[in-house]
Amino acid sequence: MAKFHPDYMITMKDFVKEHSVLLRKQTQDVAIPVPLEDRHILFSMLQYLKNSQDPILTKKYKLRPGSGLSANQIGVDKRMFAVLFEDHDQKPEMMFINPKVMSHSLNMIYLPEGEGCLSVNRPVHGFVPRYERIKVKAYTIDGQEFILSLKGYESIVVQHEIDHLNGIMFYDRINKDNPFQLPQNVIIESLY
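Here we summarise the structure given alongside this text. No experiment lies behind these values; they were computed from the predicted model shown.

This part is about the sheet that holds strand 6 (residues 133–139). Sheet architecture is open: five strands sit in the order 1-2-3-6-7, paired in antiparallel fashion. In the strand order of this sheet, the two ends are held by strand 1 (68–70) and strand 7 (145–151), each with one partner. Direction aside, neighbouring strands of the sheet carry axes that sit 40° apart on average. In this structure, strand 1 lies alongside strand 2 (residues 80–84), joined through three bridges in antiparallel fashion. Across the sheet, Leu69 pairs through a bridge with Ala82, a residue of strand 2. Of the strands in this sheet, strand 1, strand 2 and strand 3 (93–104) touch helix 1 (residues 36–52), which is tilted by about 30° from strand 2.

Moving on to helix 1. Taking 1.5 Å per residue as the helical rise, helix 1 with its 17 residues ought to reach 24 Å, and the 24 Å between its terminal C-alpha atoms agrees with that figure. For helix 1, the complete set of buried residues consists of Asp38, Ile41, Leu42, Ser44, Met45, Leu46, Tyr48, Leu49, Asn51 and Ser52. Looking at the buried residues of helix 1, the elements they touch are helix 2 (55–61), strand 1, strand 2 and strand 3.

Procedures and definitions
- Residues take numbers from 1 onward in each chain, read along the sequence in its written order.
- It should be noted that, the model being predicted, local features are given only for residues of pLDDT at least 70 and side-chain atom pairs only at 80 or more, the latter also being counted only at that level, while totals for whole chains, interfaces and linings use all residues.
- Hydrogens and water molecules were not included; the side-chain quantities draw on all heavy atoms of the structure.
- Note on pairing: two strands pair once DSSP finds at least 2 bridges between them.
- Numbered from the N terminus, helices here are DSSP runs of H or I no shorter than four residues, and strands are runs of E no shorter than two.
- Note on geometry: axes are lines fitted to C-alpha atoms, helical ones only across the stretch in contact, with angles between N-to-C directions running from 0 to 180 degrees.
- Any pair of residues with heavy atoms lying within 4.5 Å of one another is described as a contacting pair.
- By definition here, a helix of n residues has an expected span of 1.5 Å times n minus one.
- Only protein chains enter the accessibility calculation, which uses a 1.4 Å probe; a residue is then buried when its area is under 20% of its type maximum, exposed when over 50%, and partly exposed in between.

Given below as structure tokens:
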């Protein structure tokens, strides 16, 4: 039986740590139609995000809260991720398969407190510049292509997860010489 069956609960022991080779390589495309095993993995990933937002389960299983989770973070070399947004205008939970950024704004944003990652077990200080708006093309778990425009926090989370699928860690985008220096010659502002 595959590890990620419908009743499997992802916990912190399943996460690949930041120095893993898997987090530094481009992930493999998912077959369309989406194989049953990949569907199970995605549902398990989304369930982790829901569990990580539940105070009782977080305490019981020592889960770190997350808004997004890519497959390679749990050791699966597949181009897919799940996100959970508490205040999203469209859908609070989504799964993206074979995502591709089609376009982005010139303006940029950043989280004033910086970004974190479920695969990084240490504080990383600095601003991570992201595009304020992006348009993404991807497939649903049912193999239907969709195009979605995102802005603000949702845009940041989806860019973070797509970076994972491309072997890029969030701290790669922090200025190496001065972690709190923002890019020049671009309109960039704090999200909050």
